[in-house]
Amino acid sequence: MVTTHSLGFPRIGARRELKFALEAYWRGESSREALRATGAALRHSHWQKQAALGRMPVGDFSFYDHVLDMSFTLGNLPARVRDFSHDPLDNYFRLARGRSAPETGAGVAAGEMTKWFDTNYHYIVPEFDADTRFGLDASRLLSELAEAQAAGGVPKPVLIGPVTYLWLGKARDGSNRLDLLERLLPVYADLLDALGEAGADWVQIDEPALVTELDAAWQHAFRLAYHRLAACRPRLLLATYFGALEENLNLALNLPVAGLHIDAVRARAEAAILVDQLAAHKVLSVGVIDGRNIWKTDLEATLDWLEPLYARLGERLWLAPSCSLLHVPVDLDSETALDAEIRDWLAFAVQKLDELQTLARALHEGRRAVAVPLAQNRSAIAARRASSKVHRPEVQAAVEAVEPSMGRRKSAYPERARKQADWLKLPLFPTTTIGSFPQTEAIRKARRDYRQGSLDEEQYRDFVRGEIAHCVRQQEELGLDVLVHGEAERNDMVEYFGEQLEGFAFTRQGWVQSYGSRCVKPPILYGDIHRPRAMTVGWITYAQSLTRQPMKGMLTGPVTMLNWSFVRDDQPRAATCRQLALAVREEVLDLERAGIRVIQIDEAALREGLPLRRSQWPEYLGWAVEAFRIAANGVADDTQIHTHMCYSEFNDIMPAIAAMDADVITIETSRSNMELLDVFEDFAYPNAIGPGVYDIHSPNIPTVEEMAALLEKAAERIPAERLWVNPDCGLKTRRWKEVIPALANMVESARIMRARSAAEQERRMEG
Ligand code: GLN
Ligand code: ZN
């Protein structure tokens, strides 16, 4: 029989049970025991769903983040959270969120968060310094292994490998984190032995760093690590995913492990080389089901490819999804309201595992044994290819009519900045926010009621208007300079737009974890994109009618819509992105015509689309930046374009960011203590910048002094005339009682900066 396995299962629960349990615990409304019980119940249910697999993953569950789990397993905790509480779970949340639970007492700085390879999942960055010591705490893995054994099925513990663990982290003191490998390996050896002792015959050890460009020192680290671990008890399945091994292929081939998993969706061609060269005792696990997208696998085409492989490898061939299923929703069966035609083209985690079983049976027993599922699959694949829902000639024509001039502003930034200053009349260090304000329970309820029909159109409109009015009043009272309407009408920054565009479909429960308890429900972009009518103009002009301060119109950019959706795999991403850009452009021009002359186009996810290998960056950045420019740059000089990016370490893409040519860019910087601004010392960013001074991912309320200190740091790198003052990101996950004092402090910190700069000016005049 062909061994089937999965690299990991979504943790959040088909109904987001984990999210609700976590948030109740953090609010102090439920006990630690209740939270632990929810975790155990979820793990159990996930194993049941995977029971048909040859091996099911253990240790892929996490209360917040699997990288943070690994830091705890390895005893790598920064001093600021060590021994804070006797309960390891509270220490864990303290590092994850800056607070434990219930949310009382003093906070600490939360661990830095960054995105997991090229996904929209964010992990907590391991912190190192030259003195870092490790110490094994295998308790989580061992107890989950015991649970899995009791649940039946054959468990396979899943770990992040030692080299990737170091690769994911940061040395705070500038030391070389690879120097820690010698100290780290004995802990891994003990961990593997402990798992072996407890009955695990195979352990999946994830080393996705192998699909990135590694220098000689990192390559050497792989050899050193796996030679050292070769004597451990369990057999190791070295898992790579998200791309091709390329120049690391020989390295991976020759590591002394018992098996190798590759992403055969993104790097199918490498399988052939591996089959030829893999040592005769090794297992080759091919990830043939796309763990990053929601389309049905073309099973017959996959079998055409797999059958010769199986003929050669026999039992040494294992089948799996390409990567952990963390990145797709749990179960398509929840989607009863989805258009039946489109639904038939899709597969979520549970359906992907079914596909896997069908493939395995077809290999083992012949295609005849699975004739019915194969026939169903064939007709779904053919229907999607031919559907008139997918292809719209008028959209294709508009894309072909795009000219380069559509992506260019009329004048260069200095000229535009003058014209904008003339009417905006903003003070130095102008303050603004990133768009959303707290999404209260009342707001969520109103949206729900509207959807379900218990609020009619007019009642809903009045409700949202009330929220907008409240939000505008709060901002006026706080003394903010450029206001926003607060985004009360939006559930999600992509879904909101996708719902109004043709070519997108929506799920009810298609949640995917973004970080901690935060989930997103990516739209499914299945067809050519068309904007039937204006999407935001009504709300924004209403908000503007309530105030004399400038109101910033708020849109999501084409690249972010692309990167945060499940997109079609039947045309290049660049082509889909350009269609989105044209739709956003029409909205920008409609806003401008309606008198909205500050417009923010969020490209929160621009960086997330970067290919893992740098050699492929220029191509991506080329079409992504062009899409933004087409969307944004049709406006008049005195219309001010803002853009916003999250979690963006964009040191390495600065020229591309500058090429977008937004008048103002707001970015996330507070958690990194303005470290991210170092780039501005080398690259003179020509336009205005708002480095975030308020970490909105933490419930902590920053003080005036903290924010002023951050601004001082920023002012060392960016001329004061081009600095804005704003939070790191939108405020929708925070509560009003946190937001009001935090923003009041922020506005005060801007006033302090203005006073300091005026005093300095005076001194200079005197001198
Ligand atoms: N305008 C959005 C908001 O404030 C931006 C969110 C984001 O960048 N992730 O919510
Ligand atoms: Zn953001």
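This write-up is about the structure you can find in this document.

Parameters and conventions
Residues numbered from 1 in each chain as written. Chains lettered and ligands numbered in written order. Predicted model: local features only at pLDDT ≥ 70, side-chain atom pairs only at ≥ 80, totals over all residues. Heavy atoms only, no water. Disulfide = S-S within 2.5 Å. Pairing = 2+ DSSP bridges. Helix = DSSP H or I, 4+ residues; strand = E, 2+ residues; numbered from the N terminus. Contact = heavy atoms within 4.5 Å. Axes fitted to C-alpha atoms, helices over the stretch in contact; angles between N-to-C directions. Near = heavy atom within 4 Å. Polar contact = N/O pair within 3.5 Å; in protein donor to acceptor, adjacent residues only side chain to side chain. Areas by Shrake-Rupley, 256 points an atom, 1.4 Å probe, with all protein chains shown as cover. Salt bridge = Lys/Arg side-chain N within 4 Å of Asp/Glu carboxyl O. Buried < 20%, exposed > 50% of the residue type's maximum accessible area, 1.4 Å probe, protein only. Expected span 1.5 Å × (residues − 1). Arc of directions from axis to C-beta. Donors = N, O, S within 2.8 Å, 3.2 Å for Na, K, Ca; no water.

1. Some words on the state of the cysteines
Summed over the entire model, instances satisfying the criterion amount to 0 disulfides. There is no disulfide at C471, and the cysteine sulfur nearest it, in C729, is 15 Å away.

2. Points about the sheet that holds strand β6 (residues 155-160)
If you walk across this open sheet you meet the 8 strands as β1-β12-β11-β10-β9-β8-β6-β2, and the pairing is parallel. The open sheet terminates on both sides in strands that have one partner only, identified here as β1 (3-4) and β2 (56-58). Examined bridge by bridge, strand β8 (residues 202-206) and strand β9 (residues 235-239) share 5 bridges and lie parallel to one another. By the bridge assignment, V203 is partnered in β9 with L236. Helix α5 (residues 139-151) contacts β2 and β6 of the sheet and is inclined by roughly 155° relative to β6.

3. A closer look at the site of ligand 1
Around ligand 1 lies a shell of 13 residues, among which S436, E487, D602, H644 and C646 are the nearest. Contact distances for ligand 1 include 2.8 Å between a nitrogen atom and a side-chain N or O atom of E487. With respect to ligand 1, the side chain of D602 contributes an N or O atom lying 2.7 Å from a nitrogen atom. The protein chains hide 91% of the 300 Å² of surface that ligand 1 would expose on its own.

4. A look at the pattern of salt bridges
Overall, the coordinates contain 58 salt bridges when judged by the stated rule. A salt bridge links R27 to E29, with the nearest nitrogen and oxygen atoms 3.1 Å apart. By relative accessible area, R27 is classed as partly exposed at 44%. A residue is classified by how much of its surface remains accessible, and E29, at 56% relative accessible area, is exposed. Here the residues in one salt-bridge network are R531, E586, E587, D590 and R593, joined through shared partners.

5. A look at helix α17 (residues 441-452)
The first and last C-alpha atoms of α17 sit 16 Å apart over 12 residues, in line with the 16 Å expected at 1.5 Å per residue. Among all positions of α17, only I443, A446, R447 and D449 are buried. In a view along the axis of α17, the buried residues occupy a sector of 165°, so they form one face of it. Away from its buried face, by an angle of more than 90 degrees, α17 presents the exposed residues R451 and Q452. Each element contacted by the buried residues of α17 is listed here: α18 (457-478).

6. With respect to helix α4 (residues 88-97)
Where burial is concerned, most of α4 is hidden: 9 out of the 10 residues are buried. Listed in full, the buried residues belonging to α4 are L89, D90, N91, Y92, F93, R94, L95, A96 and R97. Looking at the buried side of α4, the elements it contacts are α1 (17-26), α2 (32-49), α3 (66-73), β4 (122-124) and β5 (127-128). The N-cap of α4, judged by a side-chain oxygen 2.9 Å from the amide nitrogen of L89 a few residues on, is D87. Backbone geometry just downstream of α4 places G98 in the positive-phi region, at approximately 85°.

7. A word on the coordination of the zinc ion (ligand 2)
In an ideal tetrahedron of four donors about a metal, each angle is 109.5 degrees. In an ideal octahedron of six donors, the angles are 90 or 180 degrees. Looking at the zinc ion (ligand 2), one finds its protein donor set to be H644 (NE2), C646 (SG) and C729 (SG), positioned 2.0 to 2.2 Å from the metal centre. Donor residues for the zinc ion (ligand 2), ordered by position in the chain, follow H-x1-C-x82-C. Of this pair, H644 sits in strand β20 (residues 640-645) while C729 is found in the loop between α26 (704-717) and α27 (736-766), placing the two residues 85 residues apart along the sequence. Judged by its relative accessible area of 2%, H644 is buried. When its relative accessible area of 16% is taken as the criterion, C729 is described as buried.

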